[in-house]
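The chain contents come next:
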Amino acid sequence: MTEPATVIAPTRLTDRKREAIVQAAIGEFREHGFNGTSMDRVAAAAEVSKRTVYNHFPSKDELFGAILDHLWDRSHSLPDVAYDAHQPLRAQLLAVLDQKMELLNDASFIDLSRVAMAEMMHTPERARAMVARLSEKEEGLPRWIRAAQQDGALRAGVDPQYAAHQLHGMVKSFAFWPQLAMGGAPLTAPEQQQVLGDAVDMFLGFYAVPRQGTAAA
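Just so it is clear, the structure is predicted and the values come from calculations on it, not from any experiment.

Draft legend 1. Molecular detail of the confidence of the model for the protein. Taken over all residues, the pLDDT of the protein has a mean of 83, while the share at 70 or more is 80%. Confidence drops under a pLDDT of 50 for residues 1-8, and excluding neighbours within four residues, the segment shows 7 contacts in the predicted structure.

Draft legend 2. Structural view of the pattern of salt bridges. The final tally for this structure, using the stated rule, is 4 salt bridges. Put simply, K50 and D40 hold a salt bridge, and the shortest N to O gap is 3.3 Å. Of the two residues, K50 sits in helix α3 (residues 50-56) while D40 sits in helix α2 (residues 39-46), which places them 10 residues apart along the sequence. Since its relative accessible area comes to 37%, K50 is described here as partly exposed. Here D201 and R90 are joined by a salt bridge, their closest N and O atoms 2.6 Å apart. Here the residue D201 occupies a position in helix α11 (residues 189-207), and R90 occupies one in helix α5 (residues 89-104), the gap between them amounting to 111 residues. Accessibility expressed as a relative area gives 24% for R90, which makes it partly exposed.

Draft legend 3. Structural view of the packing of aromatic side chains. Following the criterion strictly, the structure yields 7 aromatic pairs and no others. Taken together, a centroid distance of 5.7 Å and an interplanar angle of 20° make the contact between F29 and F34 stacked. Both residues of the pair, F29 and F34, count as buried. Their ring planes at 75° and their centres at 5.8 Å tell us that F34 and F64 sit as a pair that is edge-to-face. Placement of the pair is F34 in the loop between α1 (13-32) and α2 and F64 in helix α4 (residues 60-75), with a sequence separation of 30 residues. The buried category is assigned to F34, whose relative accessible area is 4%. Ring-pair connections join several aromatic residues into one group, and the members of that group are F29, F34 and F64. Here R155 stacks its cationic end above the ring of F206, 4.4 Å away from the centre of that ring.

Draft legend 4. Quick look at α11. Relative to the 27 Å expected for 19 residues at 1.5 Å per residue, α11 spans 27 Å between its end C-alpha atoms, a close match to the ideal helical length. Taken together, the buried positions of α11 are occupied by Q192, V195, L196, G197, A199, V200, F203, L204 and Y207. Against the buried residues of α11 lie α5, α8 (140-150) and α9 (160-175).

Draft legend 5. Main features of unusual backbone geometry. Phi is positive for E47, close to 60°, though the residue is something other than glycine. As for its placement among the helices and strands, E47 is situated in the loop between α2 and α3.

Draft legend 6. Summary view of the nonpolar core. Counting residues in hydrophobic clusters, the biggest one holds 33 residues, and the most contacted among them are L93, L141, W144, I145, L154, V171 and F203. Of all the secondary structure elements, the ones that give two or more residues to this core are α5, α6 (107-122), α8, α9 and α11. Top contributing element to this core by residue count: α5, with 8 residues. Setting aside its immediate chain neighbours within four residues, W144 contacts V81, A82, Y83, L89, Q92, L93, V96 and L154. In this structure, I21, F34, V42 and V48 belong to the second largest nonpolar core, which totals 22 residues.

The rules behind these values
Residues numbered from 1 in each chain as written. Predicted model: local features only at pLDDT ≥ 70, side-chain atom pairs only at ≥ 80, totals over all residues. Heavy atoms only, no water. pLDDT = per-residue confidence, 0-100. Contact = heavy atoms within 4.5 Å. Salt bridge = Lys/Arg side-chain N within 4 Å of Asp/Glu carboxyl O. Helix = DSSP H or I, 4+ residues; strand = E, 2+ residues; numbered from the N terminus. Buried < 20%, exposed > 50% of the residue type's maximum accessible area, 1.4 Å probe, protein only. Phe/Tyr/Trp six-rings, centres within 6.5 Å; stacked < 30°, edge-to-face > 60°. Lys NZ or Arg CZ within 6 Å of the ring centre and 35° of its normal. Expected span 1.5 Å × (residues − 1). Core = buried A, V, L, I, M, F, W, Y, C linked by side-chain atoms within 4.5 Å.

Okay, here's the thing in structure tokens:
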């Protein structure tokens with residue numbers, strides 16, 4: 001059984017209640033899925049009234065979206081890595097992807113992503129909204145790629161979102177989809193580093209612009 005995530009206790013009563021609702025909802029969605037989870041169940045698990053749940057989250061969709069936000073924010077507590085023309089590209093990209101890997105290695109995120117994928121089979125509109133909500137937050141890597149292109153370090157004429165999607169895809173093929181679809185074990189620390197290193201090397205092998213007297217690594 002996965003241990004609950006460690007969180008910093010909020011100080012205000014309303015914040016404590018919201019946090020209790022989120023933590024209770026994570027457990028309910030993981031155990032019962034989207035359709036099997038009701039706001040009544042969440043209220044009971046959080047030991048608050050149903051009205052309190054609705055005061056914080058107007059709908060179950062909003063509650064589920066807030067949980068995804070919560071997991072994302074927890075894994076991205078460090079600021080985005082800004083492009084630095086004086087630092088090796090490889091080291092910078094590894095730092096950018098380290099935060100992504102932390103999220104992908106989170107058991108709660110994997111379980112809730114499985115819930116979201118199941119919803120995609122029944123309600124594609126809801127699933128697309130969930131994916132769009134997270135995609136809006138994945139600006140760190142496209143922003144880095146755009147800056148590297150402007151500096152002439154990466155090939156120009158390529159959509160940064162497209163290139164970022166390619167790099168994320170290489171990582172997810174080992175650190176997300178096997179765990180999501182086949183119940184694979186989370187990657188060990190050495191496996192994580194190998195996946196990230198190989199993905200970055202392949203990415204730079206295609207996109208990096210050679211500079212005389214410098215190296216991407």
